[in-house]
2 protein chains.
Amino acid sequence: MIKIAVDAMGGDYAPAQMVKGAVDALNKKEQVRVILVGREDKIRQELTSYTYPADRLTIVHASEVIKTEEPPVNAIRKKKDSSIVVGMNLVKRQEADAFVSAGSSGAVLVGGQVIVGRIKGVERPPLAPLIPTEKGVSLLIDCGANVDARPSHLVQFARMGSIYMEHVIGIKHPRVAIVNIGAEEEKGNALVKETFPLLKACEDINFIGSIEAREIPHGGADVIVSEAFVGNVILKLYEGVGATLIGMVKQGMMTSLRSKIGALLVKPALKETMKAFDASQYGGAPLLGLKGLVVKTHGNSKANEVCNSILQCVTFKEQQINEKIKESLLPNKEQENNEEREE
Amino acid sequence: MIKIAVDAMGGDYAPAQMVKGAVDALNKKEQVRVILVGREDKIRQELTSYTYPADRLTIVHASEVIKTEEPPVNAIRKKKDSSIVVGMNLVKRQEADAFVSAGSSGAVLVGGQVIVGRIKGVERPPLAPLIPTEKGVSLLIDCGANVDARPSHLVQFARMGSIYMEHVIGIKHPRVAIVNIGAEEEKGNALVKETFPLLKACEDINFIGSIEAREIPHGGADVIVSEAFVGNVILKLYEGVGATLIGMVKQGMMTSLRSKIGALLVKPALKETMKAFDASQYGGAPLLGLKGLVVKTHGNSKANEVCNSILQCVTFKEQQINEKIKESLLPNKEQENNEEREE
């Protein structure tokens, strides 16, 4: 039995789509147990629409909701009865293996660190979304809120990302690359130049060198290592350029009668192709390196992404990712800087 | 008369398209004088195909070519008779007002700084390409090779970019924003946090605050300020995601007979829409803050982009951009750090 707590109140389509996603996951996998966290009355009302194995679903009431616009540190500290804080505490107390939320990114990141807590030896827990490419998906690590990373952080990101891609997504010997502005080893900013030789020296990862941003959508690497500021820019620009271009293609097709007829004919084929350029079928973005698992799904997640995120947590637990992360940190412990381990 | 030196040897389609672009510009604008720099025999051969005002075209022979893969600093130092070094020297000696090249980006950036030289007071010359948006174009400043910028550099970029967008592209009171990972003032890395209040205090620019990468393709600001590492990532990802998506749309349309027929019908309308998402009609990327002007066009530039880049240089000169840049630096001279001015 794997117990997944789900934030029923977070996201644009909460609670309806969160509850539906949870029910779908329960019906899909027998070993899943779901704990819906949030306003009990609202959750019960949503549940009346579905048939599901009631013995594997529980509700934990939480009276408050953290809004996206609230300053995260403050929200986590003050809203003790919010769905995010209550859900994270379930993971902390090991009453749940994982927590899935489509709520405030900031609150999920802060809560993961201060409530769930880091695995001993993990200097900084990265947020690692999957991004679509021509060839499938790549893991972009880190897109979190902690910027100005140090080289040792990036090395840990590379290790954790590699383990995740190999054992959760199923890519053998994932190619790891560091985001850079040229392919040559001597290129880059101070952080990249310092990190490059450290990654090169890691025998436990398949480091292929630098990757230019242009190569990311072509699937140039499986694990894309970057500090969070650059990672965030990549993630958001990816979504922005994608949405803009698709919008322009649609608009372009509506400009004449001729093109409108053409649009009707190409639509089904195009829809199928565009589906390939969508990473939500794999689930949400894991916050790695925690004592447990926290998964952040898109704010606009619907039931399908929520369900996939729950199933992703199951694979994460079954594949013992956290045990593998702990092991990967062992041989290098002595080299690491202890500074950030104490809170 | 405005004299533009053109690198006849740089770029994927040199010398043919470079020469054609130069001829087109001569035929379009009477006040243009072009100096083609490169192998005289090859240039003469290309010129036999065209009719043009011969009195406004000269050739300056340069026997060498700097290749894209050559380490730039070394190439600039050693290849004294390369088209890039010879062309830059024409600007330095004020025998040309500007130099346009589709050759090695690195060599153009290094040559601009060490041969042409900075305007007194400019700490770092930024490379500022125009990127297409839903609404037109935005200036992305800096995408150069000098990473790890300081706040005072970014403030100068904002000023120079603002002047360029207003007087060369013709956007009144251009909106200036700094690339950040959230809209709030307290967000960002150390560089952004330090730069934000400095930009806010500039009375000569229309600073609108932070811009998230997602908003860039929507045209969220006219001048997008960023240090070069992030700027480079944005520029290359923009091109990469764009190319990948358009490739996937084309491929998707070819999957069935039905969609192929549809594709024929939508093609003309789509082509028209996609043309709007192409910044090459505005010319190349200026390297700002130099004693003269250097414009880097895409490596795969064809005659049209070369011609537009030459016309862009004319506007630059006519609008006295460098004089405006000099003026903009005056009131803040005393606050600036002099360190980097001496070479």
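Analysis parameters
- Residues numbered from 1 in each chain as written.
- Chains lettered and ligands numbered in written order.
- Predicted model: local features only at pLDDT ≥ 70, side-chain atom pairs only at ≥ 80, totals over all residues.
- Heavy atoms only, no water.
- Buried < 20%, exposed > 50% of the residue type's maximum accessible area, 1.4 Å probe, protein only.
- Helix = DSSP H or I, 4+ residues; strand = E, 2+ residues; numbered from the N terminus.
- Pairing = 2+ DSSP bridges.
- Right-handed = clockwise from strand over helix to strand, strands pointing away.
- Salt bridge = Lys/Arg side-chain N within 4 Å of Asp/Glu carboxyl O.
- Least-squares fit on C-alpha atoms with pLDDT ≥ 70 in both.
- Contact = heavy atoms within 4.5 Å.
- Phe/Tyr/Trp six-rings, centres within 6.5 Å; stacked < 30°, edge-to-face > 60°.
- Lys NZ or Arg CZ within 6 Å of the ring centre and 35° of its normal.

Asker: Mind showing me how you'd approach the pairing of strand β2 (residues 32-38) of chain A here?
Answerer: If a strand is regular, its side chains alternate between the two faces of the sheet. Residues and elements named next belong to chain A. Of all 7 residues making up β2, 6 are buried, and the element is well covered by its neighbours. Summarising the sheet, strand β1 (residues 2-7) and β2 pair through 6 bridges and their orientation is parallel. Across the sheet, Ile 2 pairs through a bridge with Val 32, a residue of β2. For the segment spanning β1, helix α1 (residues 16-28) and β2, crossover handedness is right-handed. A crossover connection joins β2 to the parallel strand β3 (residues 57-61) through helix α2 (residues 40-47); in handedness this β-α-β unit is right-handed.

Asker: Before we go on, may I ask you to explain the pattern of salt bridges in this structure?
Answerer: Any two side chains of opposite charge can pair if their charged atoms end up close together. Counted under the stated rule, the structure contains 24 salt bridges over all chains. The salt bridge partner of Glu 95 of chain A is Arg 93 of chain A, with a shortest N-O separation of 2.8 Å. For Arg 93 of chain A, a relative accessible area of 49% gives the class partly exposed. Close ionic contact of Glu 166 of chain B with Lys 172 of chain B constitutes a salt bridge, the shortest N to O distance being 3.8 Å. Residue classification places Glu 166 of chain B among the buried positions, given a relative accessible area of 19%.

Asker: Sorry if this is basic, but what is going on with the relation of the copies chain A and chain B here?
Answerer: These two copies of the chain differ by a rotation about an axis and a displacement along the same axis. If you rotate chain A by 180 degrees and push it 0.0 Å along the axis, it lands on chain B with an RMSD of 0.0 Å. Taken together, the rotation and translation describe the operation of a two-fold axis. Considering only C-alpha atoms, the part of chain A nearest the rotation axis is Gly 262 of chain A, at 1.9 Å. The residues that chain A uses at the interface reappear at the interface of chain B in 100% of cases, marking a shared surface.

Asker: Explanation requested: the packing of aromatic side chains in the structure shown.
Answerer: Taken as a whole and assessed by the stated rule, the structure comprises 4 aromatic pairs over all chains. Residues Tyr 164 of chain B and Phe 316 of chain B carry aromatic rings whose centres are separated by 6.1 Å and whose planes lie at 45 degrees to one another, so their mutual orientation is tilted. One end of the pair, Tyr 164 of chain B, is in helix α6 (residues 151-169); the other, Phe 316 of chain B, is in helix α10 (residues 303-318), with 152 residues separating them in the sequence. Across this residue pair, the class does not change: Tyr 164 of chain B and Phe 316 of chain B are buried. Ring geometry for Phe 196 of chain B against Phe 207 of chain B: centres 5.2 Å apart, planes inclined by 75 degrees, an arrangement best described as edge-to-face. With a gap of 11 residues between them, Phe 196 of chain B in helix α7 (residues 190-200) and Phe 207 of chain B in strand β8 (residues 206-211) connect regions that are remote in the sequence. For Phe 196 of chain B, a relative accessible area of 6% gives the class buried. The ring of Tyr 13 of chain A has Lys 302 of chain A sitting right over it, with the charged end atom 4.8 Å from the ring centre.

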